[in-house]
Amino acid sequence: MFRKTFFITLILASLCLLCLSGCTLPPAESQLPAAESNVEAPVAYIAAEEESPEAAEEEEIIHWSLHVDYPMGNSIRLMNKSADLVFLGRYISYERTENTLKDPKDEYALNRIYRFQIDQVLKGEEERKEVEISIPYERMYNFDEYEAVLQEAFYIEPELEQSYILFLKKSPRDRYFPAVEPYMVLIDEEGVAHMQSNLLLPEEERSELSRGVFRYEDGKTVTVQTSRLEEEGFTDKVSGRHLDDILKEFGVEAK
């Protein structure tokens, strides 16, 4: 069997995929128009290696390796360091799904938009009581004649009417998006914190979330592996802490 293996490394600027705007879309729609944002096209570096030249060509397997630089923080101090704004409040509704790529070129990056009620501003300035939070959800990658659709490995669906602390940045169009991974800390009814991150999942589950296998009619198979959940030794230094203790790091008291 004649097999070619392609390794593709994508280097994306940190947080570029989180910039906002674009056309409002139903979650299941596949044809996505362009949207205004600051997202740029990824730069790909391609290397080819041939194997078994004497065999007949029957199958081709393509491996895409996606590496994205993204800030990490396993403590309130590190999460706060990456954030421009920190809110205490609750998600009150899911609003819509948007394509955030400025120039899609047959690709798209979907963010889910949620409405968030602010109970307390812990860092930064925001006078509004409700804002929109844009959370990266799904991305389609297109190389040559092949495409692959992956759910963002960091995506966790927030619970509505549940208290959270969010660590955020603000887009030029007044939309908020995650500043760091993790960016979300759930506060339970007893006031106890629970870090929300897929980095805390067992290795097998993390691997499953960061890999996709796609088979096409021409017999070719594309395997996509991202580096997003490969953070080894990530330790949670937030869960178990009480809200009152966390608020002391911001120099405020619970209202």
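Sequence order as written defines residue numbering, which begins from 1 separately in each chain. With pLDDT at 70 or above as the cut-off, local features in this predicted model cover only qualifying residues; side-chain atom pairs require 80 or more to be listed or tallied, and sums for whole chains, interfaces and linings still use all residues. Side-chain numbers here rest on the full set of heavy atoms in the structure, without hydrogens or water.

Asker: Tell me about the overall build of the chain, and name the residues and values.
Answerer: Scanning the chain from N- to C-terminus turns up 3 helices and 14 strands. Only protein chains enter the area calculation, which uses a 1.4 Å probe; residues under 20% of their type maximum are buried, those over 50% are exposed, and those in between are partly exposed. Across the 255 residues in the chain, those meeting the buried criterion constitute 50%. Summarising the internal contacts of the chain: among those between residues at least 6 apart in sequence, 71% fall at separations of at least 24. Note on areas: Shrake-Rupley, 1.4 Å probe, and residue coverage restricted to the protein chains presented here. Carbon and sulfur atoms form 45% of the exposed surface of the chain, whose accessible area is close to 13,100 Å². Elements are defined by DSSP. Helices are runs of H or I of four residues or more, strands are runs of E of two residues or more, and each kind is numbered from the N terminus. In this analysis, two residues are considered to be in contact whenever any of their non-hydrogen atoms come within 4.5 Å of each other.

Asker: Which residues make up the pattern of salt bridges, and what values do they have?
Answerer: The salt bridge criterion pairs a side-chain nitrogen of Lys or Arg with a carboxyl oxygen of Asp or Glu, the two atoms within 4 Å. Enumeration according to the criterion identifies 13 salt bridges in this entry. Among the ionic pairs, R175 bridges to E98, the shortest N-O distance being 3.2 Å. Separated by 77 residues along the polypeptide, R175 in the loop between β9 (163-170) and β10 (176-178) and E98 in strand β5 (residues 85-99) bring together distant segments of the chain. Residues R175 and E98 agree in their burial class; the two are buried. A salt bridge links R115 to E130, with the shortest nitrogen-to-oxygen separation between them at 3.7 Å. Residue R115 is located in strand β6 (residues 108-123), and its partner E130 is located in strand β7 (residues 130-143); the two are separated by 15 residues in the primary sequence. We classify R115 as partly exposed; its relative accessible area is 23%. Accessibility expressed as a relative area gives 35% for E130, which makes it partly exposed. Among the charged side chains, a network of salt bridges with common partners joins E95, R96, E98, R115, E130, E132 and R175.

Function cannot be inferred from these measures alone, as they are strictly geometric.
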